[in-house]
Amino acid sequence: MFTGFLLAVQEPFSFLAARRLNTIQFVCLTQIALLISIPLLMLRPTTRRDFLALFRDPSNYGRLAVIFAIGMSGLLLYNFGLSNAHPIIISAILNLLPFWAAVVALIISRVPIPVSPTVFFGCFAGAFIGAMAIAWSQLSEADKPTISQLAEDFAHGGWVYAMPVPICSALGGTLIGRWFAKYEESAAIAANFFVANVILIPATLLILHHRLELQFGDQFVAVALMIIGTIIAASVGRVFYQISLTVTGGDNGFVTMFWFSVPALTALISLVLSWWIADLHFAVDPMFFLGLVLIAASLLLFSLKSWRQPPRGEGG
């Protein structure tokens, strides 16, 4: 739940930046934020020791490359399949993460679903519908599509190419937990950030220089907020996510189920921020509260059923 809260903190800032920046600028600034977060991740001497030890072992280089490739695949598929998609379709694709995470955990870590399939899929469906209701409630009247418009987007949009995006996210987290289990989670995260930084920051800066797009002008406030939000989510949220995977023995489906709280938390955080930032807004809509109830009820039932299961050991 704490990871979900930290991710929700990042969302409004990323939304502001995405509205003002093109894809290459957004990726470049995100990577710079992750680079800044690396020293924060390595404040402890044991973390610095594990970070160096990880790079001293040549067998880790191929694994780091694979995780980087998975992350890049998710980014490219998102940009290709969802860059012009309706926000509701984007929400629907991304909210499938707990389902795909459970599949990844089952195949990669051999971790079964922590509850019966009926309970898991029932809670997943309830929380999914709740998250979609919240996403719908926060759209302005001008942005809300008709049924025919949504049907048109589903029939002819490129969203199908983005279906693997949540799989990439789940697979990356599971592989980090499995391949780098002997290192501290923060050291493994920092190492993966470092590899991505070394490749993406120079590449995106060269592209932006070639396009004469290195000037960010009046986007300074949005850029600064996005960097701060990314640092918070990356340096703390991502580590808590990996710790959660370790504690649950790699049960990615269980951990990510609680990320259904992110849309509601994001909306509430946006409500507070909207007092100072006009571009952010919170719509007081009955649909929001209906979605909130569905998510809360689904996660409560899922938690109660999961806690009655035998304790899980650490993953290998």
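Residues numbered from 1 in each chain as written. Predicted model: local features only at pLDDT ≥ 70, side-chain atom pairs only at ≥ 80, totals over all residues. Heavy atoms only, no water.

Focus: the nonpolar core
Generally speaking, a soluble globular protein has its nonpolar side chains buried in company with each other.
Here is step 1 of the chain: Grouped together as the largest cluster of nonpolar side chains are 44 residues, with contacts concentrated most on F128, M257, F260 and F302.
Here is step 2 of the chain: When contributions to this core are tallied by element, the ones reaching two or more residues are α5 (87–94), α6 (97–108), α7 (117–137), α9 (165–179), α11 (220–247), α12 (252–257), α13 (262–273) and α14 (286–307).
Here is step 3 of the chain: Tallying contributions element by element places α7 first for this core, with 10 residues.
Here is step 4 of the chain: Apart from the residues within four sequence positions on either side, M257 is in contact with P98, F120, F124, L299 and F302.
Here is step 5 of the chain: With 28 residues, the next largest nonpolar core counts M72, A191, F193 and V239 among its residues. (Core = buried A, V, L, I, M, F, W, Y, C linked by side-chain atoms within 4.5 Å. Buried < 20%, exposed > 50% of the residue type's maximum accessible area, 1.4 Å probe, protein only. Helix = DSSP H or I, 4+ residues; strand = E, 2+ residues; numbered from the N terminus. Contact = heavy atoms within 4.5 Å.)

What about the pattern of salt bridges?
Here is step 1 of the chain: Counting across every chain of the model gives two salt bridges.
Here is step 2 of the chain: Between R44 and E184 there is a salt bridge, with the nearest N and O atoms lying 3.5 Å from each other. Placement of R44 in the loop between α2 (23–41) and α3 (45–56) and of E184 in the loop between α9 and α10 (185–211) is noted, with a sequence separation of 140 residues between them.
Here is step 3 of the chain: Two residues, D50 and R49, come together in a salt bridge whose shortest N-O distance is 3.1 Å. (Salt bridge = Lys/Arg side-chain N within 4 Å of Asp/Glu carboxyl O.)

Here we look at the environment of L294
Here is step 1 of the chain: Within the secondary structure, L294 is located in helix α14.
Here is step 2 of the chain: With relative accessibility at 29%, the residue L294 sits in the partly exposed group.
Here is step 3 of the chain: Separated by 167 residues in the primary sequence, L294 and A127 place their C-alpha atoms 5.9 Å from one another.
Here is step 4 of the chain: With sequence-adjacent residues up to four places away left out, L294 is seen in contact with G126, A127, I129 and G130.

What to know about the packing of α2 against α10
Here is step 1 of the chain: The N-to-C vectors of α2 and α10 enclose an angle of 145°; their axes lie 8 Å apart at closest approach. Between α2 and α10 the crossing geometry is left-handed.
Here is step 2 of the chain: Looking at the contact of α2 with α10 residue by residue, the classes come out as 18 nonpolar, six polar and one charged. (Axes fitted to C-alpha atoms, helices over the stretch in contact; angles between N-to-C directions. Left-handed = near helix turned anticlockwise from the far one by under 90°. Nonpolar A, V, L, I, M, F, W, Y, C, P; charged D, E, K, R; others polar.)

Here's the deal with unusual backbone geometry
Here is step 1 of the chain: Unlike most non-glycine residues, R110 shows phi in positive territory, near 60°.
Here is step 2 of the chain: Structurally, R110 can be placed in the loop between α6 and α7.

Overview of the packing of α7 against α14
Packed helix pairs are characterised by how far apart their axes lie and by the angle those axes make with each other.
Here is step 1 of the chain: Between α7 and α14, whose axes approach to 7 Å, the crossing angle comes to 155°. When the interaxial angle is binned, α7 and α14 end up roughly antiparallel. For the element pair α7 and α14, the recorded crossing hand is left-handed. Along its contact with α7, which presents V119, F120, C123, G126, A127, I129, G130, A131, A133, I134, W136 and S137, the element α14 presents M287, F288, G291, L292, L294, I295, S298, L301, F302 and K305. (Parallel < 35°, antiparallel > 145°, perpendicular 65-115°, else oblique.)

Quick word on the confidence of the model for the chain
Here is step 1 of the chain: Looking at the chain as a whole, its pLDDT mean stands at 82, while 84% of the residues score no less than 70.
Here is step 2 of the chain: Mean pLDDT across the elements of the chain bottoms out in helix α1 (residues 2–20) (64) and peaks in α3 (95). (pLDDT = per-residue confidence, 0-100.)

A look at a nonpolar patch on the surface
Here is step 1 of the chain: Taken together, the side chains of F80, V160 and Y161 make up a nonpolar region of the molecular surface, amounting to roughly 340 Å² of accessible area.
Here is step 2 of the chain: On the secondary structure map, V160 appears in the loop between α8 (147–156) and α9. (Patch = residues over 30% accessible without salt bridge, like charges linked within 9 Å, V, L, I, M, F, W, Y side chains within 5 Å. Areas by Shrake-Rupley, 256 points an atom, 1.4 Å probe, with all protein chains shown as cover.)

Structural notes on the side chain of D50
Here is step 1 of the chain: Relative to the helices and strands, D50 resides in helix α3.
Here is step 2 of the chain: Classification of D50 by relative accessible area gives buried; the value is 8%.
Here is step 3 of the chain: One polar contact links D50 to R49, side chain to side chain, over a distance of 3.1 Å.
Here is step 4 of the chain: Not counting residues up to four positions away in its chain, the partners in contact with D50 are K182, Y183, E184 and A187. (Polar contact = N/O pair within 3.5 Å; in protein donor to acceptor, adjacent residues only side chain to side chain.)

Considerations on the packing of aromatic side chains
Here is step 1 of the chain: For the structure on display, the rule yields 16 aromatic pairs.
Here is step 2 of the chain: Measuring from ring centre to ring centre gives 6.2 Å for F120 and F302, while their planes differ by 65°; the resulting arrangement is edge-to-face. One end of the pair, F120, is in helix α7; the other, F302, is in helix α14, with 182 residues separating them in the sequence. The same class applies to F120 and to F302, which are both buried. (Phe/Tyr/Trp six-rings, centres within 6.5 Å; stacked < 30°, edge-to-face > 60°.)

Some points on α3
Here is step 1 of the chain: Taking 1.5 Å per residue, 12 residues should reach 16 Å; α3 reaches 17 Å between its end C-alpha atoms and fits that length.
Here is step 2 of the chain: Every buried residue of α3 is listed here: T47, D50, F51 and L54. Each buried residue of α3 lies within a common arc of 105° when the element is viewed along its axis, so the set occupies one face. Along α3, the residues that are exposed and aim more than 90 degrees away from the buried face are P45, R49 and R56. (Expected span 1.5 Å × (residues − 1). Arc of directions from axis to C-beta.)

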